[in-house]
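# Breakdown of the fold
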Amino acid sequence: MSGAHATDSHAGHDHGHGHSHDHGHGHELPFWRKYIFSVDHKVIGVQYTITSLLFLLFGFALMWVMRFQLAYPGQPIPIIGKMLGASLVDSSGILIGNGYNAFGAMHGTIMVFLGIVPLAVGGFGNYVLPLQIGAPDMAFPRLNMASYWVYLPGGLIMLASFFTRDGAAQSGWTSYPPLSVVNIGGQTWWLIGMVFLITSSLLGSVNFIVTTVQLRVKGLSFFRLPFFVWAQLVTSFLLLLAFPPLEAAAVMQLMDRVAGTSFFMPGGLIVTDVVQNQYSGGGSPVLWQHLFWFLAHPEVYVLILPGLGIIAEVIANNTRKPLWGYKALVHSAIFLGFMSFIVWAHHMFMTGMGTTLSTFFQFTTMVISVPSVIILTCFIISLWGASIRYTVPMLFALSFLPMFAIGGLTGLPLGLTASDIHLHDTYYVIGHFHYVVAPGTIFAMFAGIYYWFPKVTGRKMSDLLGKIHWFFSFIFINGVFMPMFFQGMAGILRRQYDQSYQLHGASAQGLSMMASWSAWCLGLAQIPFIINFFYSAFAGKKVGKNPWEATTLEWSAPSPPPHGNFDAVPVVQCGPYEYSVPGRKSDYLPQNIAMEA
Amino acid sequence: MMLLADAVSHYGNWLPPQLSTHGDKIDQLIFVLHVFMAALFFGWGVYFVYCLVKFRARSGHSATYEPVKGGASKMVEIAVIVFELIVLFALSMPVWADYKNKPPTEAENPLTVHVHSKQFEWQFHYCGPDGVFGRTDPKFISTSNFIGLDEDDPHAKDDLQFVNDCHLPTGRPIRMEIFARDVIHSLSIPTMRVKQDAIPGMRIPIWFTINKDATTAKVSEQMVQTFSLGRISWYRIRHHVAAQDYKNKAGDIILAKDKDGALGSNAAAGKEILQKLRDAGFTEISLRPSNPLEIVCAQLCGNNHYTMKAQLKTHTADEFEAWQAEEIKKKNTELEIEF
């Protein structure tokens, strides 16, 4: 069926292309085949996008409740307090310690595994990548469909854990044993959910790699690929190689919880005064940490790389000149991907690591900062000599740059063991990684949504609502995370249900009020976006193939593209960012010869 | 019980006060890094804002196809790499190696303390003057014997155990062996720049020395320096109280014992005190940190993780021996009474 069709090389293809593809059926697909169990990468991309945006909103909502407890410790949660279950609040509607920890663990898990990765890779990668290489679909469309339909149950299983008697998993998104093995709550569901989610990513990553290698159209050599495709390719390698150890570890922890094994359980444990004789022991909690972080460090590059890819596209398009240092960008992305596999133990400096190992990991951590600096520098230098259009995607892309800089720079004191002694497990860490994912990746995601929305729907989003969304998001997101660096310096630790308990951080606790109010206002600032997104999909201004006057191949397909994507198979004549080429009337030269004006 | 408001004024707004011999180098590294980070950020930032304005799209302006020549950016890149290498090899690795690779020798007479961490408290086990820890076994654990000490072991006679109450001498190396009974905890003493995970199944040693300055200050100009990276200065002194009354020749009190703020509410007031101490002929004064020093848990360990906190009290070396002898006497008297 479609699998066979998609792997035919285009070179020898002589079917007529002036009609939409039916893949041999000769009749229209029923609704449930076209929109629910679809093998079309565009439908799957939209499914991933909507699902992940809903998960992101839910994960954000968990934090609104947590931030209320942080700003007003011991007060009943307004409006919904009494509605939450006994695993979360007491009888007056005050969040309890278990509830706080459950929200915390699930916030991290949902944002990383159910929100950002499915959006960045499953949403944007799926939709845009085949279009950008001129392919009619992914190499394995059914595998693609499978990866979505394994992701969704995995996410729902995790959410279902909130409704069990003891509530959701509450041992951090990092799930360190022995706590995660002995703790009450839905850790078992979390582990099962992780197996589903990881499987989904593995299926997807194989697809992306094969598609990129095999299905590029004529003329599209590797060094003519848009940087977005390179970013997705490196990301897919990271997913493919890094996730399996965590899937294995998740199964091992599951066995420790339900089958009495001791993979991570040492002997002699006494939990709440009860000797844990059911474990033979001999297991190592540190083993889990190694297996977890072996994935979770490359995972953070999975979180940022697609965002960098989107930023590259938006910057090139809105500066009207080629990206500066394309080769440096590509080599840096590849080097970054490789290095990301040998830095993981910088998350474990405080576990009792000796100097030999910690020296190695400190060193690799310093080295990995170099390609990040190169990538950021290339983007900033791309602005020189430009003609900058301040479109909504560009506003998000530009504001990404200093935000990513703050996130990246604050990684330095954390990556050096000596300074990490003071800063480990404090709010400084929370500030650091949130700067990279929140005003970093999430802003890149918004840039991508505003940028590719016209291609997906055939309609533009409202510029006014977009600018309002950007402006208030930018202000309030800084209001949430900037105070955290000061709190971390003062020694305020993370995962604290009540920060006022520890006096050494007292001076900086007032900042929690500022962070909480900023978080609630940030939530309100998303309303213009939500309205814009749904309203414009049905009633936005209609556009043609290339409203942004962009060069890459997706803009030579109709908006929205039909099944099979292109009216005529594209042929590539040049690099991806030929803007303002001297001697030409128009200020851009499309990659697809057929689109040339 | 110190109120939040008092704690704010004692702890200041940036890094907490630092009382160990190795901590100053950590603070120095943090400071140097942030200067570098700020320089890089503002450097990039100026270039960035300049581009946003100069190269905005407007009528009559178009973009240039040719790439900018990369000379300056290569220099910046190389400078960043060189700086990171310097910081790594000169400021971080040696500090970490020093902290990790140099356990106190027998000659330095370290104090060894066993720290047992469990949900949600810290237990401290002292071996007493005989230097040998009494045998422990879970079967002896009870509400009064929380570490499970076997009182029949002759070495246990001079052992002491406390929950959430830690006493340490200054100026003498301390070696802590950290145990976890149930889940991963993390021993964190922010005011000593000490942090070490406590992992079940492991016995992890750490060592540090509390600076004698935490309990003794030379009467000198340094006491009233307003800013100095880690050295004695008014900035640090103001977080202390006098350990005894200091009187001038006429018998008037210059510095009252344990009185908050007696060392002056600002550097100028501090200078006055300094002069009076000099006139009275003192060369050194004994101090105590006025803010409560805390040992907290830095790794999520359950629903009451945030409550896991011990008080840390510092003593001079002699005071510590006296305190320890007193406690051993008290313990053995209680044990006798039990029979």
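In this text, all values refer to a predicted model and were calculated from it rather than measured experimentally. (Residues numbered from 1 in each chain as written. Chains lettered and ligands numbered in written order. Predicted model: local features only at pLDDT ≥ 70, side-chain atom pairs only at ≥ 80, totals over all residues. Heavy atoms only, no water.)

### Considering the overall build of chain B
- From N to C terminus, chain B includes six helices and 15 strands.
- When burial is assessed residue by residue, chain B has 52% of its 339 residues classed as buried. (Helix = DSSP H or I, 4+ residues; strand = E, 2+ residues; numbered from the N terminus. Buried < 20%, exposed > 50% of the residue type's maximum accessible area, 1.4 Å probe, protein only.)

### Concerning the overall build of chain A
- What chain A contains, in helices and strands, is 18 helices and two strands.
- Computed over the C-alpha atoms, the radius of gyration of chain A is 24 Å, within 12% of the 25 Å expected from 2.2 N^0.38 for a compact globule of 597 residues.
- Considering only C-alpha atoms, chain A reaches an extent of 75 × 55 × 50 Å along its principal axes.
- Burial analysis of chain A (597 residues in total) assigns 67% to the buried set. (Rg over C-alpha atoms; globule rule 2.2 N^0.38 Å.)

### Concerning the sheet that holds strand β10 (residues 240–242) of chain B
Residues and elements named next belong to chain B.
- Here we have three strands laid out as an open sheet, ordered β9-β13-β10, and antiparallel in their pairing. Unpaired on one side and paired on the other, β9 (216–218) and β10 mark the two borders of the sheet. Taken over all neighbouring pairs, the strand axes of this sheet differ in orientation by 45° on average, direction set aside. (Pairing = 2+ DSSP bridges. Axes fitted to C-alpha atoms, helices over the stretch in contact; angles between N-to-C directions.)

### Side note on the interface of chain B and chain A
- Taken together, the contacts link 87 residues of chain B with 96 residues of chain A.
- When the two sides are added together, the surface that chain B and chain A hide from each other amounts to roughly 8,000 Å², 70% of it contributed by carbon and sulfur.
- At the surface where chain B touches chain A, the tally comes to zero salt bridges.
- Taken together, the links from chain B to chain A amount to 26 residue pairs in polar contact (both at pLDDT 80 or more).
- Among the secondary structure elements, those contributing two or more residues to the side of chain B that touches chain A are α1 (4–11), α2 (23–54), α3 (71–101), β7 (194–198) and β14 (293–297) of chain B.
- Considered class by class, the residues forming the side of chain B that touches chain A number 56 nonpolar, 18 polar and 13 charged. (Contact = heavy atoms within 4.5 Å. Buried area = accessible area lost by both parts, 1.4 Å probe. Salt bridge = Lys/Arg side-chain N within 4 Å of Asp/Glu carboxyl O. Polar contact = N/O pair within 3.5 Å; in protein donor to acceptor, adjacent residues only side chain to side chain. Nonpolar A, V, L, I, M, F, W, Y, C, P; charged D, E, K, R; others polar.)

### A look at the confidence of the model for chain A
- In the predicted model, chain A carries a mean pLDDT of 92, and 95% of its residues have values of at least 70.
- Confidence drops under a pLDDT of 50 for residues 1–26 of chain A, and excluding neighbours within four residues, the segment shows 31 contacts in the predicted structure. (pLDDT = per-residue confidence, 0-100.)

### Points about the packing of aromatic side chains
Residues and elements named next belong to chain A.
- By the definition in use, this model includes 68 aromatic pairs over all chains.
- Here Y100 and Y497 contribute two aromatic rings whose centre-to-centre distance is 5.9 Å and whose plane-to-plane angle is 80°, an arrangement assigned as edge-to-face. Placement of the pair is Y100 in helix α4 (residues 97–132) and Y497 in the loop between α16 (463–489) and α17 (511–524), with a sequence separation of 397 residues.
- Assessed through its relative accessible area of 3%, Y100 is described here as buried.
- We classify Y497 as buried; its relative accessible area is 11%.
- It is R216 that lies over the ring of F222; its NZ or CZ is 4.0 Å from the centre.
- Over the aromatic face of F223 sits the side chain of K327, whose NZ or CZ is 5.9 Å from the ring centroid. (Phe/Tyr/Trp six-rings, centres within 6.5 Å; stacked < 30°, edge-to-face > 60°. Lys NZ or Arg CZ within 6 Å of the ring centre and 35° of its normal.)

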